[in-house]
Amino acid sequence: MPKALIPVQDRTLTEHAMDIFKNIGVTDFYLSTSYMGDKMRAHFGAGDKFGYKIEYLHEEEPLGTAGPLIILKKENRIPDQHFFMCNGDNLFAADFKIMVEEHQKNNAVVTIALVEVEDPTPVGIARLEGDRISEFVEKPTREQAPSRYANSGYYIISPEIFSYLPEKDFVMMEHDVFPVIARAGKLYGFKSNAQWFDTGTPERYERVRNEWAGPFKY
């Protein structure tokens with residue numbers, strides 16, 4: 001099965017991820033699919049039975065982590081308002097209402113939800129100037145780490161981002177987009193110590209199954 005459909009407690013991982021946003025009033029979703037995308041469509045359909053409206057952005061060949069944005073731009077479906085984007089294999093119980101307020105106050109192009117990590121060495125760590133992110137330092141030593149805050153995989157994005165997408169077929173947010181926005185002074189971070197999990201290994205997946213407590217409680 002695709003990773004997006006692995007069971008977490010009583011539902012799929014993707015349903016838990018979408019519930020995080022439904023919790024703050026989001027009802028319209030794009031699901032970016034590739035490998036076994038037909039199984040995603042079969043499970044979710046148009047989203048009616050889940051209380052969502054779902055459209056699909058399918059990648060015949062991998063387009064990178066910016067793939068959904070590339071498709072929206074090519075198909076002239078650019079959103080006209082701020083939107084959320086997340087890695088589908090992560091769950092985060094941050095207060096996203098406050099994050100939206102901070103994003104708008106800062107006039108940011110992208111605000112990245114940052115999670116504090118005990119060990120900064122295996123991940124990209126944000127160098128912060130107040131709330132503004134000047135760069136990510138990849139896999140620093142403990143001594144070289146500019147902070148303990150890592151990219152959680154949850155973003156608020158302004159439509160302006162589409163002017164920062166390079167004209168190529170494979171684009172990584174982390175390497176091709178965020179550094180350019182950071183140099184423009186429009187990349188911000190939102191720190192949260194809320195419960196956060198990724199499901200990148202069997203051990204982490206077991207923790208998610210046993211410990212995920214759901215979205216922020218308003």
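This text follows the structure it describes.
Remember, it's a predicted structure, so these values are computed and weren't measured experimentally. (Residues numbered from 1 in each chain as written. Predicted model: local features only at pLDDT ≥ 70, side-chain atom pairs only at ≥ 80, totals over all residues. Heavy atoms only, no water.)

Visitor: Before we move on, could you go through the overall build of the protein and cite the residues and values that matter?
Guide: Helix and strand counts for the protein stand at six helices and twelve strands. Against the compact-globule benchmark of 17 Å for 218 residues, the protein has a radius of gyration of 17 Å, which places it among compact chains. Dimensions of the protein, computed from C-alpha atoms along their principal axes, come out at roughly 45 × 40 × 35 Å. Sequence separation of at least 24 residues holds for 65% of the intrachain contacts in the protein that already meet a minimum separation of 6. As displayed, the protein offers around 11200 Å² of accessible surface, 49% of which is attributable to carbon and sulfur atoms. Of the side chains in the protein, 25 bear a positive and 33 a negative charge, and the two mean positions are spaced by 1 Å. (Helix = DSSP H or I, 4+ residues; strand = E, 2+ residues; numbered from the N terminus. Rg over C-alpha atoms; globule rule 2.2 N^0.38 Å. Contact = heavy atoms within 4.5 Å. Areas by Shrake-Rupley, 256 points an atom, 1.4 Å probe, with all protein chains shown as cover. Lys, Arg positive; Asp, Glu negative; His and termini not counted. Charge placed at Lys NZ, Arg CZ, Asp CG, Glu CD.)

Visitor: A description of the packing of helix H1 (residues 13-22) against helix H2 (residues 37-44) should follow, citing residues and the corresponding values.
Guide: Where H1 meets H2, the closest approach of the two axes is 12 Å, and the angle between their N-to-C directions is 60°. Here H1 lies oblique to H2, going by the angle between them. When the axes of H1 and H2 are compared, the crossing they make is right-handed. Between H1, through Thr14, Glu15 and Met18, and H2, the contact on the second element is made entirely by Met40, His43 and Phe44. Looking at side-chain class alone, the contact of H1 with H2 contains three nonpolar, two polar and one charged residues. (Axes fitted to C-alpha atoms, helices over the stretch in contact; angles between N-to-C directions. Parallel < 35°, antiparallel > 145°, perpendicular 65-115°, else oblique. Left-handed = near helix turned anticlockwise from the far one by under 90°. Nonpolar A, V, L, I, M, F, W, Y, C, P; charged D, E, K, R; others polar.)

Visitor: Give me the lowdown on the packing of aromatic side chains, citing residues and values where you can.
Guide: Aromatic ring pairs are described here by two measures, namely the spacing of the ring centres and the angle between the planes. What the rule picks out here adds up to 14 aromatic pairs. Ring geometry for phenylalanine 21 and phenylalanine 96: centres 5.9 Å apart, planes at 45°, overall tilted. Of the two residues, phenylalanine 21 is situated in helix H1 and phenylalanine 96 in helix H4 (residues 96-106); the sequence distance between them amounts to 75 residues. For phenylalanine 21, a relative accessible area of 6% puts it in the buried group. By way of ring pairs, the aromatic residues Phe21, Phe84, Phe92, Phe96 and Tyr154 are connected into one cluster. Taking NZ or CZ as reference, lysine 97 lies 4.6 Å from the ring centre of tyrosine 218, over its face. (Phe/Tyr/Trp six-rings, centres within 6.5 Å; stacked < 30°, edge-to-face > 60°. Buried < 20%, exposed > 50% of the residue type's maximum accessible area, 1.4 Å probe, protein only. Lys NZ or Arg CZ within 6 Å of the ring centre and 35° of its normal.)

Visitor: Now, about the nonpolar core: what can you tell me, with residues and values included?
Guide: Membership of the largest hydrophobic core comes to 35 residues, with the highest contact counts inside it found for Phe44, Ile54, Leu91, Phe96 and Tyr154. The element contributing the most residues to this core is H1, with five residues. Apart from residues lying up to four places away in sequence, isoleucine 54 is in contact with Met18, Phe29, Leu31, Phe44, Gly45, Ala46 and Gly47. Counting 29 residues, the second-largest nonpolar core is a separate cluster that includes Leu63, Ile161, Met173 and Ala182. (Core = buried A, V, L, I, M, F, W, Y, C linked by side-chain atoms within 4.5 Å.)

Visitor: Please set out helix H3 (residues 67-74) residue by residue, giving values where relevant.
Guide: Taken across its eight residues, H3 has six buried, putting it largely inside the fold. On its buried face, H3 is in contact with strand E3 (28-33), strand E4 (53-58), strand E5 (83-86) and helix H5 (173-183). Asparagine 76 sits one or two residues past H3 and shows a positive phi near 55°.

Visitor: Quick rundown of the pattern of salt bridges? Include the residues and the values.
Guide: By the definition in use, this model includes 17 salt bridges. For aspartate 10, the salt bridge goes to arginine 11, with nearest N and O atoms at 3.9 Å. Classification of aspartate 10 as exposed rests on a relative accessible area of 62%. A residue is classified by how much of its surface remains accessible, and arginine 11, at 27% relative accessible area, is partly exposed. A salt bridge links arginine 11 to glutamate 15; its shortest N-O distance comes to 3.6 Å. Where salt bridges share partners, they join Asp10, Arg11, Glu15 and Asp19 into one cluster. (Salt bridge = Lys/Arg side-chain N within 4 Å of Asp/Glu carboxyl O.)

Visitor: Describe the pairing of strand E7 (residues 110-116), listing the residues and the values that go with them.
Guide: In terms of burial, E7 is a largely internal element, six of the seven residues being buried. In terms of strand pairing, E7 meets strand E10 (residues 149-157) through six bridges, oriented antiparallel. The partner of leucine 114 across the bridge, within E10, is asparagine 151. In the sheet, E7 pairs with strand E11 (residues 187-192) via six bridges, with the strands oriented parallel. (Pairing = 2+ DSSP bridges.)

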